[in-house]
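Spelled out, the chains give:
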Amino acid sequence: MAASSLSFSPKTITSSPRPKTNPFINHFSHSLQFPIASSTSRAIFTSPTTSIVPRASSVISRATNDAASTNTNTFHGLCYVVGDNIDTDQIIPAEYLTLVPSKPEEYEKLGTYALIGLPSTYTTRFIDENETKTKYKIVIGGDNFGCGSSREHAPVALGAAGVAAVVAESYARIFFRNSVATGEIYPLESEGRLCEECRTGDVVTIEMAESRLINHTTGKEYKLKPIGDAGPVIDAGGIFAYARKTGMIPSQN
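Numbers given for residues are sequential positions, taken from 1 along each chain in its written order. The model is predicted, so local features are restricted to residues of pLDDT at least 70 and side-chain atom pairs to those at 80 or more, both for listing and for counting; the totals for chains, interfaces and linings are taken over all residues. For side-chain calculations, the full set of non-hydrogen atoms in the structure is used, while hydrogens and water are omitted.

Undergrad: What's the story with the packing of helix α5 (residues 153-161) against helix α6 (residues 173-182) in this structure? I'm lost.
TA: Helix-helix packing: each pair is described by the crossing angle between the helix axes and the interaxial distance. Where α5 meets α6, the closest approach of the two axes is 8 Å, and the angle between their N-to-C directions is 55°. Regarding the angle of α5 to α6, the classification is oblique. The two elements α5 and α6 meet at a crossing, and its hand is right-handed. On the side of α5, the interface is formed by Ala154, Pro155, Val156 and Leu158, while α6 contributes Phe175, Asn178, Ser179 and Thr182. Each residue gets one of three labels, nonpolar for Ala, Val, Leu, Ile, Met, Phe, Trp, Tyr, Cys and Pro, charged for Asp, Glu, Lys and Arg, and polar for the others, Gly among them. Split into classes, the residues belonging to the contact of α5 with α6 amount to five nonpolar, three polar and no charged. The convention used is that axes are lines fitted to C-alpha atoms, helices contributing only their stretch in contact, and that angles between N-to-C directions extend from 0 to 180 degrees. Where helices and strands are cited, they refer to DSSP runs of H or I of at least four residues and of E of at least two residues respectively, numbered from the N terminus. For this classification, under 35 degrees means roughly parallel, over 145 means roughly antiparallel, 65 to 115 means roughly perpendicular, and everything else is oblique. By definition, any crossing whose near helix is turned counterclockwise from its far helix by less than a right angle is left-handed, and any crossing with a clockwise turn is right-handed. Whether two residues touch is decided by their heavy atoms; if any such pair falls within 4.5 Å, the residues are in contact.

Spelled out as structure tokens, the structure:
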């Protein structure tokens, strides 16, 4: 199936006066033209009224001010550590892309396959046998996390599995963008190689307001890069939800 471009007429999404836009939205285009959709993305980005089933998250507190406010989310739990160049085939193999995330039962099933493509050198299972959710709320990676294909199912699978945030040294651009656009996970960048500092099973806390990760197992703290303008989009539940919230496109109500 050929890829299709999803966009909205300026008449549909503008008002007078035009609301102030988030600079992250401008990354997509000037008049809220959304990313090119792959043949596997139609279940996620079919229309401005399409929504993803809310992810299971470990959010302790959420900012309630406007989109420009400081992100006060805090995430706490076990971490799962991977290395460099974790690609989308390892996050969710292509054979599972027939699952439709907008259907609750298929969204849940998609999550059960998250990170199933990791090589056998990863001896600890990300999702325990006969479980549908992972016990690891935070994934810590190295360089170029999410490289490979542009499948939007990758961040959706992680979110469906119960992951709240990924902390990596760097990201493939399309994975970062898809994470924000779907609102499934927070893609946070570390200032060092946390994948060499932390171990799978360590208990960690991410404090978004302080831009830091605390490893309670080792007693060490690490600085994270601020998520910036992408934060309010994820807080809202993704790009369409953010656009409705800010008046850039009509509300569903």
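Undergrad: Looking at this structure, I do not really get the packing of aromatic side chains. What am I missing?
TA: Aromatic rings in a pair are described by how distant their centres are and how their planes are angled relative to each other. Here the aromatic set is Phe, Tyr and Trp, taking the six-membered ring for Trp, and pairing holds for ring centres within 6.5 Å; pairs whose planes are under 30 degrees apart are stacked, those over 60 apart are edge-to-face, and all others are tilted. In total, this model carries nine aromatic pairs according to the counting rule given. Ring geometry for Phe145 versus Tyr171: centroids 6.1 Å apart, planes at 75°, classification edge-to-face. Taken as a pair, Phe145 in the loop between β4 (136-140) and α5 and Tyr171 in the loop between β5 (165-168) and α6 lie far apart in primary sequence, 26 residues in all. As far as the burial class goes, Phe145 and Tyr171 line up, both buried. Between the aromatic rings of Tyr171 and Phe175, the centroid separation amounts to 6.1 Å while the plane-to-plane angle is 5°, which identifies the pairing as stacked. Among the aromatic residues, ring-to-ring pairing joins Phe145, Tyr171, Phe175 and Phe176 into one connected group. The rule is simple: take the accessible area with a 1.4 Å probe, protein chains only, and divide by the maximum for that residue type; under 20% is buried, over 50% is exposed, in between is partly exposed.

Undergrad: Help me understand the sheet that holds strand β9 (residues 220-225), please; the structure alone is not making it clear to me.
TA: By definition, the strands of a sheet pair up through backbone hydrogen bonds, in either a parallel or an antiparallel sense. One closed barrel accounts for seven strands, arranged β3-β4-β5-β6-β9-β8-β7; its pairing is mixed. Within this sheet the neighbouring strands show an average axis-to-axis angle of 40°, counted without direction. By definition, two strands form a pair when at least two bridges between them are found by DSSP. In terms of strand pairing, strand β6 (residues 186-190) meets β9 through two bridges, oriented antiparallel. Opposite Glu189, over in β9, you have Lys225 as the bridge partner.

Undergrad: Is there a simple way to explain the pairing of strand β3 (residues 74-81) in this structure?
TA: Along any regular strand, the residues point their side chains to alternate faces of the sheet. Counting buried positions along β3 gives six out of eight residues, so the element sits mostly inside the fold. Across five bridges, the pairing between β3 and strand β7 (residues 203-207) is antiparallel. Residue pairing in the sheet places Thr74 in a bridge with Glu207 of β7. Bridge analysis of β3 against β4 gives four bridges, and the strand direction is parallel. Bridged to Val81 within β4 is Ile140.

Undergrad: Looking at this model, I keep getting lost on the pattern of salt bridges. Mind explaining?
TA: When the charged atoms of two side chains with opposite charge come close together, those side chains can pair. Whenever Lys or Arg places a side-chain nitrogen within 4 Å of a carboxyl oxygen from Asp or Glu, that contact is recorded as a salt bridge. Scanning the entire structure with this criterion turns up nine salt bridges. When the shortest N-O distance is used, the salt bridge between Asp89 and Arg151 registers 2.9 Å. Linking Asp89 in helix α3 (residues 88-91) with Arg151 in the loop between β4 and α5, this pair joins segments that are 62 residues apart in sequence. Asp89 gets classed as partly exposed once you look at its relative accessible area, which sits at 40%. What makes Arg151 buried here is its relative accessible area of 10%.

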